[in-house]
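# Understanding the architecture of this molecule
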Amino acid sequence: MPKAKGTNRRKKFDYTTNRKKLKRKMAKKAAPRIECAQIRNAWNNRKSVAQNLAEMGLASDPNRTLPIQKVKKMEVREKVVINPHVINELEAEASLPEVTMSTLSKEFIDYVRYMIETYKDNYKAMARDDLNYYQDTPHQIKKKIESYKRFYPSEYASLNAALQQKMELS
């Protein structure tokens, strides 16, 4: 019976590949980087994932941590937490208020301010304006102005006050 094609081929060493680089690459794939700094600092590479998480007081399997209650009562065991500082740091980080750094673009702000200064509340006229490059409908323009109000309420109030003064003078 004939052999499969390529089975009797001699093994050759590939001199072009960098073995050190390959080893680093494989090690990186085997142990991916832990994003959470508290867990990364407390991690012990000599222990398993379950052991590391148990020492930190975190759950590796939520089904074991919070089992489904059956008719008879299950005995609950207290787990010993060796690294409580990890839990404390995670709770402290979670209790901090979330900082949102979202803003609107300069072009968007200029567009909305121009529309408000020129047409006040006339959205149909805004839709027909030459600077309405994206051919926004009156409803879309209204939504853009409302988003500007949400992001910059103080600037919108000062703009409205300036328009009121302009109306009183003329």
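Refer to the structure presented above.
Quantities reported herein were computed from a predicted structural model and do not represent experimental measurements.

A separate point is the nonpolar core. Membership of the largest hydrophobic core comes to 16 residues, with the highest contact counts inside it found for Leu 104, Val 112, Ile 116, Met 126, Ile 141, Ile 145 and Tyr 148. Of all elements in the fold, only α6 (106-119), α7 (123-127), α8 (138-151) and α9 (153-169) reach the threshold of two or more residues within this core. By residue number, the principal contributor to this core is α6, which donates six residues.

When you line up the elements, Asp 129 lands in the loop between α7 and α8. Although Asp 129 is buried, it makes no salt bridge; Arg 128 carries the closest opposite charge, 9.1 Å away. Here Tyr 114 takes part through its side chain, which lies 3.2 Å from a polar atom of the side chain of Asp 129. One polar contact links the side chain of Asp 129 to the main-chain amide nitrogen of Leu 131, over a distance of 2.7 Å.

This paragraph deals with unusual backbone geometry. With the exception of glycine, most residues fall at negative phi, and the peptide bonds are largely trans. Here the phi dihedral of Lys 120 falls at roughly 55 degrees; this positive angle occurs in a residue that is not glycine. Position of Lys 120 relative to the elements: it lies in the loop between α6 and α7. In this structure, Gln 135 takes a positive phi of about 50 degrees despite not being glycine. Topologically, Gln 135 is positioned in the loop between α7 and α8.

Parameters at a glance
Residues numbered from 1 in each chain as written. Predicted model: local features only at pLDDT ≥ 70, side-chain atom pairs only at ≥ 80, totals over all residues. Heavy atoms only, no water. Core = buried A, V, L, I, M, F, W, Y, C linked by side-chain atoms within 4.5 Å. Buried < 20%, exposed > 50% of the residue type's maximum accessible area, 1.4 Å probe, protein only. Helix = DSSP H or I, 4+ residues; strand = E, 2+ residues; numbered from the N terminus. Lys, Arg positive; Asp, Glu negative; His and termini not counted. Salt bridge = Lys/Arg side-chain N within 4 Å of Asp/Glu carboxyl O. Polar contact = N/O pair within 3.5 Å; in protein donor to acceptor, adjacent residues only side chain to side chain.

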